[in-house]
Amino acid sequence: MPTLLHLNGPSGVGKSTLARAHAAARPGTLVCDIDDLRSWVSGWEDDFVGTGEAVRASALALITAYLASGRDVVLPQLIVTPAQVDRFEAVATEAGAAYVAVVLTVEPDLLLERLHARELTPVSAVISRIIEERGGDDLVLEGRRQLLDLAEQGGWAVVDATEREHALRALRALSACCDRS
């Protein structure tokens, strides 16, 4: 059974890095990074949120089609609204795939250290600007707390992403329940 592995977590926790590493160990896995897709739309920098919603709808269609082909998808995407999470779970079900929700976490000090040290790209620059405009580090830490609360309420797995290899082993174990073999 194909799997949609949703790596959720605050900005800077390592969602994209772990998604790429997890997929690299599983040839044929699609990494559907909505933030990257967003940057393909002209003017995205000026309407980050609006573009994100439009691209999210396109990503849902892409994920559905890819899962229906019998292959896995990794989705590194911060989503704090349960109704938005439900959309991704529904497309997995529609495609005959398993949905595995994971919240990645690290201790607050390490999270902020990683966030401030991450590589500057056009996407990370816009995300950093938005974070600063909306409350800076306090916003990130509040989002971390909200995600951990949502994980508890939704029964989602929580994976400590402090050490990359430990986190990858945990992701492999969570995905193993759904393997075809």
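1. Considerations on the packing of helix α3 (residues 48-68) against helix α4 (residues 82-94)
The axes of two packed helices give the description: the angle between them and the distance between them.
Then, in step 1: Two numbers describe how α3 lies on α4: the axes approach to 8 Å, and their chain directions differ by 25°. By the angle between their directions, the pair α3 and α4 is classed as roughly parallel. Handedness of the crossing formed by α3 with α4: right-handed. For the pair α3 and α4, contact is made by Glu 53, Arg 56, Ala 57, Leu 60, Ile 63, Thr 64 and Leu 67 and by Gln 84, Arg 87, Phe 88, Val 91, Ala 92 and Glu 94, respectively.

2. Section: the layout of surface pockets
Then, in step 1: Looking at the largest pocket, its volume works out to about 1,400 Å³.
Then, in step 2: Together, 47 residues line the largest pocket, and Ser 11, Lys 15, Asp 35, Leu 78 and Ile 127 are the ones closest to its centre.
Then, in step 3: Those elements that provide at least two residues to the lining of the largest pocket are α1 (15-24), α2 (34-38), α3, α6 (122-133) and α7 (137-154).
Then, in step 4: The element that contributes the greatest number of residues to the lining of the largest pocket is α7, accounting for 7 residues.
Then, in step 5: Tallied by class, the residues present in the lining of the largest pocket amount to 18 nonpolar, 14 polar and 15 charged.

3. Quick word on the sheet that holds strand β2 (residues 30-31)
Then, in step 1: Strand order in this open sheet of 5 strands is β2-β3-β1-β4-β5, and the pairing throughout is parallel. At either margin of the open sheet sits one strand with a lone partner, and together these are β2 and β5 (157-160).
Then, in step 2: Examined bridge by bridge, strand β1 (residues 3-8) and strand β4 (residues 98-105) share 6 bridges and lie parallel to one another. Bridging from a neighbouring strand, Leu 4 pairs with Tyr 99 of β4.
Then, in step 3: The strands touched by α4 within the sheet are β1, β3 (73-76) and β4, with β4 carrying the most contacts at an inclination of about 145°.
Then, in step 4: Contacts between α7 and the sheet are confined to β1, β4 and β5, with β4 contributing the most and set at about 140° to the helix.

4. Quick word on a negative patch on the surface
Then, in step 1: A surface patch of negative charge is lined by Glu 107, Asp 109, Glu 113 and Asp 160.
Then, in step 2: Summarising the element assignment, Asp 160 is placed in strand β5.

What counts, and where the lines are drawn
Residues numbered from 1 in each chain as written. Predicted model: local features only at pLDDT ≥ 70, side-chain atom pairs only at ≥ 80, totals over all residues. Heavy atoms only, no water. Axes fitted to C-alpha atoms, helices over the stretch in contact; angles between N-to-C directions. Helix = DSSP H or I, 4+ residues; strand = E, 2+ residues; numbered from the N terminus. Parallel < 35°, antiparallel > 145°, perpendicular 65-115°, else oblique. Left-handed = near helix turned anticlockwise from the far one by under 90°. Contact = heavy atoms within 4.5 Å. 1 Å grid on protein atoms, 1.4 Å probe; cavity = no way out; pocket = protein on both sides within 12 Å on 5 of 7 lines; lining within 4 Å. Points joined across faces, edges and corners; volume = space filled by probe spheres on them. Nonpolar A, V, L, I, M, F, W, Y, C, P; charged D, E, K, R; others polar. Pairing = 2+ DSSP bridges. Patch = residues over 30% accessible without salt bridge, like charges linked within 9 Å, V, L, I, M, F, W, Y side chains within 5 Å. Areas by Shrake-Rupley, 256 points an atom, 1.4 Å probe, with all protein chains shown as cover. Salt bridge = Lys/Arg side-chain N within 4 Å of Asp/Glu carboxyl O. Lys, Arg positive; Asp, Glu negative; His and termini not counted. Charge placed at Lys NZ, Arg CZ, Asp CG, Glu CD.

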